[in-house]
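# Structural description and commentary
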Amino acid sequence: MADITSPPPKHWAVLIGIDFYKSGDHLNGCVNDVTAIKHHLESGPNPTDISVLTATTPSTSTPLGPLEHPDCLPTKENVVKKLKGVLDYATPGDFVYIHYSGHGTKIETQLDLRIEKHLALVLFDDNNHGIYYLRGTALANILDKFVKKGLLVTLGLDCCFSGSVLRTDDIRGTAIRSIDYDPSTEDPVSGEHYANLMDICNSDTAFRDSTLLSDRWIKNPEGYTILSACGPQELAHELKMIDTGRRRGALSYFLIEALCALRTHRIEITSESLYEQLRVNFRASWPQQTPMRYGNRKLSFFGRPITEPNVPTIHAYFRKGILYLDAGEAHGVHAGYQYALYPLDSIEDVTSQPEETSIIAQVRTVNALVSTLEPSTTLQKVQTGWKAKLITSVLHRATPIRLLSSVYSQIQRNKALEHQYMHICASDDDTEACMFNVLLNDRKEFEILNGSLQKIHNLPTIPLSTQGSEHKLMNILEHIAQFKYAEAIGNKMPNSSFEHSFSLRSYVGTNEKSRSSVLQVQHGGNWHLVIENRSQAPLYLAIFDFTPSWKIENILSAAGDGGFLVIDGGKTKDLPIDMEIPGFLLSQGRKSCEEVLKVFLTTKPTNFPSMILSEIPLDSAFYRGQVYESHDTLSAFIERLTTTFRGQDPGQEAWTTQNFIITTTKE
């Protein structure tokens, strides 16, 4: 009798993106989010039944409504229809992903003697008000129905739930994904609000907490995972991609970045590993938001463990005289990446091909699924179908910094605005979210704020009356821009065999080692990094500390060792690192701090600089208007990374990085 095996679980996805709202509170990146996630799912390892509901803003000045057909709009009826369809046809063990990009809001309700805060997703509706509030209680009951059927659900929410406004009217970040609740848009009969959701959910139970993702309404957290764009009191922003000009939600953008990184590094994609990669990406590039995760840490909608010995081959091809790479944004490709192109009949391991048989091409533009290439030689030599092997992938992202009008008028004629690591925008340019904002405060001091316009306490203010104050300001901005850029450096697609030649583990307090990149340690305690060299060749390791005082130093050099540590073949090294809250933070009454420890691993000894950046003292008098020597050091460091590992035998030279976020606390 033949063995009867169960069919593999099916994957379902319902993607909701809302740019158009009748109230005029339009967004610009939600449909882009859904499109990019759809492309990523289509290119992933699991065939997925994908449903898409979007509301796109027309280009006309007096739009009558969104561009989509009524059946494809994210209305209450269509959302319920799509979700109910999945519920009806999915079988126990199937995976479901629900993604929402749009506005969120908070709803206050009087209960007895207290006010409860409900949280809702703002769906498009074709009624007089143009919106429908999908409350958190309804969402909780929807998830509960899915879980009771045995479905494994992942929910991504790229919206904010604070409904608050920024503290100043001078500036708003790009398309903050929150609007205020309007009670006039809802039916007065309380039961009618949920009755129309048919049999998916039938509860009007009020929240008992001010956060949507409270454990109090997670009825079966083992059955689903929720990824939220930000903390309960934070704002979710849209980001503008400097290279393409397109808008994207921060969670949606970094979600795809994280998924590509995990696939590349052949790490099993669970909600835990995905969340840790998300936190690292946010911490390095957009620290104003802290993504949140709730529910089961082990679910794996987005992929299975990658066990294939080689990375799948990418091909180049011609179309209308243009050379294309058969990979794009959904595959983790970025403008500036360089590929070696090899003939179709070359052996599988293109890394061992002689350099003279290949052609180097650089990515010029990146689309969702394909990219254009600029070859280093004539196009006639390249033929359609040639193999493409990534050889460099350091991504240069200028740090976006906004100057309010009071500041911009002071320094707009200053040539210091032309910096490699900064992207300066004026105060009236609200088309992109910025990591830092600069204003002239009531005391006539230059003050640097974060992306949410909150004061950064570990940066000095500079009195306008100080001689050369604008030069000092620009020096500080250049310093923190370099700091954030260096924090985000990474080889997006390292050599796969190199990745298998070592393991990085860490632990705090016990000997239980894990691959976690986010840890907490007590003030004065140790964080341990464990490096196992599985190969017979030596590995070279350097660790850089990105401190709260904006200093980047090589930990090994600071301890009196060389610039790097050699891990012999077949050996394991346990490095204990003391963690303390800096004295200047303790003097301010701070009981915790967060810093990044960046680990570099290379196959060849590399002369890392002992210190990339000096600290920024809180005493602004320290700055004399000079350009930092460390600027040239960092540039040389990056240039070395992007060029030295392109030798005659690139398979023998490889490098990778990993960021660890360490929170040090003191009771």
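Residue positions within a chain follow its written sequence, with the count starting from 1. Given that the model is predicted, a residue must reach a pLDDT of at least 70 before its local features are reported, and side-chain atom pairs must reach 80 or more before they are shown or counted; all residues, however, enter totals for whole chains, interfaces and linings. Here the side-chain values reflect all heavy atoms present in the structure, with hydrogen atoms and water set aside.

## Describing the overall build of the chain
We count a stretch as a helix when DSSP gives it H or I for four or more residues in a row; a strand needs E for two or more, and each element gets its number in order from the N terminus. Counting its regular elements, the chain contains 12 helices and 32 strands. Intrachain contacts of the chain at a sequence separation of at least 6 include 74% that bridge at least 24 residues. In this description, accessible areas are obtained by the Shrake-Rupley approach with a 1.4 Å probe, and a residue is regarded as covered only by the protein chains that are shown. Put simply, the chain shows about 29100 Å² of open surface, and 49% of that area lies on carbon and sulfur atoms. Residue contacts are counted whenever heavy atoms from the two residues lie within 4.5 Å of one another.

## A short note on the sheet that holds strand S25 (residues 526–533)
Taken in spatial order, the 3 strands make up an open sheet running S23-S25-S29, and their pairing is antiparallel. Only two strands of the sheet have a single partner each, and these edge strands are strand S23 (502–508) and strand S29 (572–578). Adjacent strand axes in the sheet meet at a mean angle of 20 degrees when their direction is disregarded. Note on pairing: two strands pair once DSSP finds at least 2 bridges between them. Interaxial angle, 0 to 180 degrees, is taken between N-to-C directions of lines fitted to C-alpha atoms, where a helix line uses only the stretch in contact.

## Details of the packing of helix H5 (residues 250–264) against helix H6 (residues 271–285)
Close contact between H5 and H6 brings their axes to 9 Å; oriented N to C, the two are set at 120 degrees. As the angle between them shows, H5 and H6 are arranged oblique. Relative to H6, the crossing made by H5 is right-handed. In this structure, H5 uses Ala250, Leu251, Phe254, Leu255, Glu257, Ala258, Leu259, Ala261 and Leu262 to contact H6, whose residues at the interface are Ser273, Leu274, Gln277, Leu278, Asn281, Phe282 and Ser285. Classes in brief: Ala, Val, Leu, Ile, Met, Phe, Trp, Tyr, Cys and Pro nonpolar; Asp, Glu, Lys and Arg charged; the others, Gly included, polar. Looking at the contact of H5 with H6, its residues break down into 11 nonpolar, 4 polar and 1 charged. Note on terminology: angles under 35 degrees are roughly parallel, angles over 145 are roughly antiparallel, angles of 65 to 115 are roughly perpendicular, and the others are oblique. By definition, turning the near helix anticlockwise from the far helix through less than a right angle yields a left-handed crossing, and turning it clockwise yields a right-handed one.

## Overview of the packing of helix H1 (residues 30–42) against H5
Two elements in contact, H1 and H5, have axes separated by 9 Å at closest approach and are oriented at 20 degrees. By the angle class used here, H1 and H5 are roughly parallel. Seen along the crossing, H1 lies across H5 with a hand that is left-handed. Between H1 and H5, the residues in contact are Asp33, Ala36, Ile37 and His40 and Ser252, Leu255, Ile256, Leu259, Cys260 and Arg263, respectively. The residue makeup of the contact of H1 with H5, split by class, is 6 nonpolar, 2 polar and 2 charged.

## Looking at the pairing of strand S15 (residues 359–366)
Bridge count for strand S14 (residues 338–342) against S15 is 4 bridges, and the pairing is antiparallel. Paired with Leu341 across the strands is Ile359, a residue of S15. By the bridge criterion, 5 bridges tie S15 to strand S16 (residues 371–375) in an arrangement that is antiparallel. Residue pairing for S16: Gln362 is matched across the bridge by Glu374.

## Notes on the sheet that holds strand S8 (residues 224–228)
Here 6 strands make up an open sheet; going across it, the order is S2-S1-S3-S7-S8-S11 and the pairing mixed. Each end of this open sheet is capped by a strand with a single partner; those strands are strand S2 (48–55) and strand S11 (292–295). Averaged over all pairs of adjacent strands, the angle between their axes in this sheet comes to 10 degrees, without regard to strand direction. Relative to strand S3 (residues 95–101), strand S1 (residues 11–18) runs parallel, the two sharing 7 bridges. Its bridge partner lying in S3, Trp12 is registered against Val96.

## Thoughts on the nonpolar core
Residues belong to a common nonpolar core when they are buried Ala, Val, Leu, Ile, Met, Phe, Trp, Tyr or Cys residues joined through side-chain atoms within 4.5 Å. Exposure categories follow from relative accessible area, calculated using a 1.4 Å probe and restricted to protein chains: below 20% of the type maximum is buried, above 50% is exposed, and the middle band is partly exposed. Core analysis: the largest hydrophobic core is formed by 70 residues, its most contacted members being Leu255, Phe302, Ile448, Leu473 and Leu477. For this core, the element with the highest residue contribution is H5, accounting for 10 residues. Aside from chain neighbours lying at most four places away, what touches Leu473 is Val407, Ile411, Val438, Phe446, Ile448 and Ile462. Tyr100, Leu123, Phe124 and Tyr132 belong to the second-largest nonpolar core, a separate cluster that totals 43 residues.

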